[in-house]
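So you can see what is in the structure, the chains are spelled out below.
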Amino acid sequence: FRREAERLLERLGPQDGPIAHDDLVESRASPPDPELAGSPEPVRVRADVLLPLPGRPIRVRLYRDAPATPRPLLLWLHGGGFVGGSLDDVDVACAGLARRTGLTVLSLDYRLAPEHPFPAALHDTDDALAWLEEHGEAFGGDGRVLAGGQSSGANLVAAACLMARDRGHPLVARQVLCYPWLDLGADPAGGVPRSRDEWYRSQYLAGQAITPHAAPLTAPDLSGLPPALILGAGLDPLVDDARRYARRLRDAGVAVSYLEYGDTPHAFLNFPGVLSAAWTAMQDIADDLTAFLSG
């Protein structure tokens, strides 16, 4: 995947430093470049709906390509450093997963910092999972709920799984963590922290201390968590988070599958228009979930 990745990274240019708030708001509302993001495959149902969570509704985008019979639900969370990103960014991935798995996929429009710092997005994730467990039949669910996410979205999935375990009531049958950002206080594998990551962290935490529910890799005990599929990207400065979390889960007795896409950058699932690794990963995730659900 290296030649594709090099061309993309050259086109994107430097991705560092803070983002002005007006630019951040504009980026959230701007659709992704279709040349980079590609076009979603057709699915039978693609619709935005509201989940009536306690105290507030929250939007999800629903994708279903299989016949309307009871089936597991997959909650999916986009990335964006806890401050950006949108449902449009993962439109191709979510449609692709719905087509390849037969699952109903629900992409969560969780609240973003700095307007809504930690733990707002985590509460959105946790409440959405709890609602789907109790009311999932409204979307054709069969009682089984899976959850996946990308980058900061993967952080939220991992943290929600920790919260549910700590309550003694797991909500997720399997977690899918794509190039997760899980240790907010650590330098990346290269040893040189990126200033934009530091800025993301400051916006998300808003001066709060790092806890395991903000940074799951800091949790002292990872036992009792749902089985996991973890995807790492070889060119990602944060790839060590994926490797370490997979290793620690395995050491804690949690079943883990780890896949690493060599010569591939962070957020590669957002760029299926130019990165074949994105399509490979969609199929790998689909194969993993299909095997897990049929096991």
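Let me begin by describing the structure that accompanies this report. Computed from a predicted structure; not experimentally measured.

A short note on the overall build of the protein
Regarding its fold elements, the protein presents nine helices and eight strands. On C-alpha atoms alone, the protein measures out to a radius of gyration of 18 Å, which is about the 19 Å that the 2.2 N^0.38 rule sets for 295 residues. Counting every position in the protein, which comprises 295 residues, the buried fraction comes to 52%. Restricting the contact set of the protein to residue pairs at least 6 apart, pairs at least 24 apart contribute 78%.

Some thoughts on the sheet that holds strand β1 (residues 45-53)
What holds strands together in a sheet is hydrogen bonding between their backbones, with the strands either parallel or antiparallel. Here eight strands make up an open sheet; going across it, the order is β1-β2-β4-β3-β5-β6-β7-β8 and the pairing mixed. Lying at the two open borders of the sheet, with one neighbouring strand each, are β1 and β8 (256-261). Taken over all neighbouring pairs, the strand axes of this sheet differ in orientation by 20° on average, direction set aside. Examined bridge by bridge, β1 and strand β2 (residues 56-64) share nine bridges and lie antiparallel to one another. Across the sheet, A47 pairs through a bridge with L62, a residue of β2. Lying over the sheet, helix α4 (residues 91-101) contacts β1, β2, β3 (71-77), β4 (104-108) and β5 (141-150), oriented at roughly 55° with respect to β2. Along the sheet, helix α8 (residues 239-251) makes contact with β6 (175-178), β7 (228-233) and β8, crossing β8 at roughly 160°.

Here's the deal with a nonpolar patch on the surface
Side chains of L9, L12 and L235 sit close together on the surface and give an oily, nonpolar patch of about 210 Å² of accessible area. Secondary-structure assignment places L235 in the loop between β7 and α8.

As for the nonpolar core
Residues I230, Y245 and L249 are the most contacted members of the largest nonpolar core, which totals 61 residues. Here this core takes 10 residues from helix α6 (residues 152-167), the largest share from any one element. Counting 33 residues, the second-largest nonpolar core is a separate cluster that includes L146, L231, F271 and M282.

Looking at the pairing of β3
Of all seven residues that make up β3, seven are buried, and the element is covered over most of its length. Inspection of the sheet shows β3 paired to β5 by six bridges, in the parallel sense. Counted as the bridge partner of R71 is G141 from β5. With respect to chirality, the unit in which β3 leads through α4 into the neighbouring parallel β4 is right-handed.

A short note on the layout of surface pockets
Approximately 1,300 Å³ is the volume found for the largest pocket. What lines the largest pocket is a set of 38 residues, and nearest its centre among them are Q15, R196, Y200, A267 and F271. Those elements that provide at least two residues to the lining of the largest pocket are α1 (2-12), α2 (21-29), α3 (34-37) and α7 (195-205). Here the residues of the lining of the largest pocket sort into 19 nonpolar, 13 polar and six charged.

A short note on the pattern of salt bridges
Two side chains of opposite charge can pair, provided their charged atoms sit close to one another. Under the criterion given, the structure shown has 22 salt bridges. Of the charged contacts, one joins R11 and D33 as a salt bridge, the two residues approaching to 3.1 Å between their closest N and O atoms. Taken as a pair, R11 in helix α1 and D33 in the loop between α2 and α3 lie far apart in primary sequence, 22 residues in all. Measuring nitrogen to oxygen at the nearest pair gives 3.0 Å for the salt bridge that ties E115 to R28. Highlighted residues: E115 in the loop between β4 and α5 (120-135) and R28 in helix α2, separated in sequence by 87 residues. Through salt bridges with shared partners, a single ionic network connects R46, D48, R59, R61, D88, D91 and D109.

Quick look at the side chain of Q150
The topology assignment puts Q150 in strand β5. Here W76 takes part through its side chain, which lies 2.8 Å from a polar atom of the side chain of Q150. Setting aside chain neighbours within four positions, we find Q150 in contact with W76, L77, H78, G79, V90, A93, C178, Y179, L269 and N270.

A look at α8
Its 13 residues place the ends of α8 19 Å apart at the C-alpha level, agreeing with the 18 Å of an ideal helix rising 1.5 Å per residue. Listed as buried for α8 are V239, D241, A242, Y245, A246 and L249. For α8, the arc enclosing every buried residue in end-on projection is 160°, short of the 170-degree limit, so these residues lie on one face. G253, located one to two residues past α8, shows a positive phi value of around 90°.

A few points about the side chain of D91
Here D91 lies in helix α4. For D91, the residues in contact, after removing those within four places along its chain, are P40, R46, R61 and Y63.

Cut-offs and rules
- Residues numbered from 1 in each chain as written.
- Predicted model: local features only at pLDDT ≥ 70, side-chain atom pairs only at ≥ 80, totals over all residues.
- Heavy atoms only, no water.
- Helix = DSSP H or I, 4+ residues; strand = E, 2+ residues; numbered from the N terminus.
- Rg over C-alpha atoms; globule rule 2.2 N^0.38 Å.
- Buried < 20%, exposed > 50% of the residue type's maximum accessible area, 1.4 Å probe, protein only.
- Contact = heavy atoms within 4.5 Å.
- Pairing = 2+ DSSP bridges.
- Axes fitted to C-alpha atoms, helices over the stretch in contact; angles between N-to-C directions.
- Patch = residues over 30% accessible without salt bridge, like charges linked within 9 Å, V, L, I, M, F, W, Y side chains within 5 Å.
- Areas by Shrake-Rupley, 256 points an atom, 1.4 Å probe, with all protein chains shown as cover.
- Salt bridge = Lys/Arg side-chain N within 4 Å of Asp/Glu carboxyl O.
- Core = buried A, V, L, I, M, F, W, Y, C linked by side-chain atoms within 4.5 Å.
- Right-handed = clockwise from strand over helix to strand, strands pointing away.
- 1 Å grid on protein atoms, 1.4 Å probe; cavity = no way out; pocket = protein on both sides within 12 Å on 5 of 7 lines; lining within 4 Å.
- Points joined across faces, edges and corners; volume = space filled by probe spheres on them.
- Nonpolar A, V, L, I, M, F, W, Y, C, P; charged D, E, K, R; others polar.
- Polar contact = N/O pair within 3.5 Å; in protein donor to acceptor, adjacent residues only side chain to side chain.
- Expected span 1.5 Å × (residues − 1).
- Arc of directions from axis to C-beta.

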